[in-house]
Amino acid sequence: MIAPKPAKTDLLQGCLQASRLGLMDQARDLAHRLIAAAPAAEAPRILDARIRLIWIEFQDGHHATARSVAHTAIAEAAALEDVPRESIARSHYARLLAEDLETSRAADEALTALRLARVSGDALALSIALVVPAIICSRVGLYEAAVELADQAVLESQRSGDTEAIAHSISNYGSLHADYLYRFAIATPEQRREYLDIAITQSRRATQYARGLEDSEMQRLPGYNLVEFLLLAGEKDEAEAVMRETDAAPGRPSRRSEVQRGHVLANLMLARDDRQAAIAALRESLERCVNYPFLELAVFAARNLVDVLAETRDFEAAYEAHRRFDELYCLHVNEDDSRHMQTSILHDRIAEMRLLIAAEEGRASRLLESNAKLAEAAERLARETLEDALTGVGNRRQLDLTLTELAARRGGYAIAILDADHFKQVNDRYSHTTGDAVLRGIAQVVRDALVRSGGGGDSVARLGGEEFAVILANRSDVLAAAVCEDLREAVQRHNWSGVAPGLAVTISIGIASSDEAEDAAGCLALADRRLYEAKRAGRNCIVWAGCAPLAHQHAAQHTGLVPSEAKPGLASPH
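Here we summarise the structure given alongside this text. (Residues numbered from 1 in each chain as written. Predicted model: local features only at pLDDT ≥ 70, side-chain atom pairs only at ≥ 80, totals over all residues. Heavy atoms only, no water.)

### Section: the side chain of Arg488
Looking at the secondary structure, you find Arg488 in helix α21 (residues 477–493). Within polar-contact distance, the side chain of Arg488 engages the side chain of Glu485 at 2.6 Å. (Helix = DSSP H or I, 4+ residues; strand = E, 2+ residues; numbered from the N terminus. Polar contact = N/O pair within 3.5 Å; in protein donor to acceptor, adjacent residues only side chain to side chain.)

### A look at the sheet that holds strand β5 (residues 542–543)
Pairing within the open sheet is mixed, and its 5 strands lie in the order β2-β3-β1-β4-β5. Single-partner strands in this sheet number two, and they are β2 (459–464) and β5. Contacts between helix α22 (residues 520–536) and the sheet are confined to β1 (413–420), β3 (467–473), β4 (507–513) and β5, with β4 contributing the most and set at about 145° to the helix. (Pairing = 2+ DSSP bridges. Contact = heavy atoms within 4.5 Å. Axes fitted to C-alpha atoms, helices over the stretch in contact; angles between N-to-C directions.)

### So, the packing of helix α12 (residues 236–247) against helix α13 (residues 255–271)
Two elements in contact, α12 and α13, have axes whose closest approach is 11 Å; the angle formed by their N-to-C orientations is 150°. Taken as axis vectors, α12 and α13 run roughly antiparallel relative to one another. Handedness of the α12/α13 crossing: left-handed. Mapping the contact onto sequence places Lys236, Ala239, Glu240, Met243 and Asp247 in α12 and Arg261, Val264, Leu265, Leu268 and Ala271 in α13. Its residues assigned to classes, the contact of α12 with α13 comprises 6 nonpolar, no polar and 4 charged. (Parallel < 35°, antiparallel > 145°, perpendicular 65-115°, else oblique. Left-handed = near helix turned anticlockwise from the far one by under 90°. Nonpolar A, V, L, I, M, F, W, Y, C, P; charged D, E, K, R; others polar.)

### A word on empty space enclosed by the protein
For the coordinates displayed, the defined rule picks out 2 cavities of 30 Å³ or more. Taken as a whole, the largest cavity spans an internal volume of roughly 40 Å³. Forming the walls of the largest cavity are Ala414, Asp477, Ala480, Ile511, Ala512, Ser513, Glu516, Arg530, Trp544 and Ala545. For the lining of the largest cavity, the secondary structure elements donating two or more residues are α21 and β4. The element best represented in the lining of the largest cavity is β4, accounting for 3 residues. In terms of residue class, the lining of the largest cavity is built from 6 nonpolar, 1 polar and 3 charged. (1 Å grid on protein atoms, 1.4 Å probe; cavity = no way out; pocket = protein on both sides within 12 Å on 5 of 7 lines; lining within 4 Å. Points joined across faces, edges and corners; volume = space filled by probe spheres on them.)

Here's what the structure looks like:
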């Protein structure tokens, strides 16, 4: 059957279609045409063609050519920093090395491909990269590792959605269970049946996927495997039916498929109890497997040949066949390869753990960064919620919170409410911008004075307009009055010319102690009343429980608590 000749733009699809039908010469020609004709901008398509060409040459038994193409594909992918395609090309190269019995090199290359696939996170690359180390693990006797890797390959292929990859990974998963039956005689009958059932079920699934994809080559791989597994299960009639169905797949079998078919056909002849035909078929299959090369099947063919020759009592021929089997088996598997693969897997697990740790550290770092941003936002929100936007001191909400905390501690405190004298005249004479600057200046002067007073629990908040409240924690009436007198003098002495030439600012203060009222609200109200007493007494003075306004006026001549006249820069009383 000949596939239709594709248009130039469909060269890659034509190559894929022809290779799936087993038309390897046509597929090869299309791949080369694409590589030669595609512009540099289509580098990924060129890489895809090279990667498919590796598989085409492998299926046709041209391993040296396939390895050369793989080297080129790996180099091009690395130059393009195309990690997924480099991983796939390396996986194909590892498979070639494994088939050529360079198992240790194959293991190293396969695990390199796997690490690249993990770094890329590409599901298709991961599914392909997991298959080869699974095959190598099975070959060297690391059965549990093989099944684990094969299972991961199925999951990744399903995640990729690539039907060809799904069929291949499922077929591989099934055949690994059958491999266990060939390689290990220690399994119980129940275990053997369980493994065989898995092999049969998964081979059927893979065949169905391949048929849906119209991939005859992929259909033949699990199809001929299924024939072999059904024979192991004693299902000869069904095996015969599957053989006919697989032989009827469209297209022409590749050399690899023909080698596999010859191996299965010999097993069918054994099941038919046709000893002489089976011996001839096994000998032919053995030579074809060696020449292809397909050493894994060659080992199985040699072992079957030994058994059937012994059954026919041709012991001399059986001895020669056994010698050949032993030679092939030693080529196929050795303990050094097994130890190397065990070490490689251990290193891969360590590398994988490092990747996971790095990913977790990255996630933790991002989480910490996110938390820091959230904390910063929360702090900013708290400031906006509890801080006066104009002056930077606390607002009324902050004042209420402070008073609540003081009440909970049952500690004594004093509240001073201060007000900028003649503030309306500042706004009217200068500007509201100047007024804002005055309020910011008062807030800063008050904060500095509180720091000088040494009261660690003292705080200031803006009540609104030109009014501020000062909380003096753990202060007696006399000490609170002394601190407030310092505040009043600091504001009066401050150089306000930087805000406006000729500007002078004073404040009036009313003070109340917590033991003078039932609660914070009562204390605030009392301090507010005393503030207005200070205003009525002439401003630029303080009023507290220890003195009356008139007494302040009398004392002001000596202490400065009550002004004797209006201050410069302020036009007139409120």
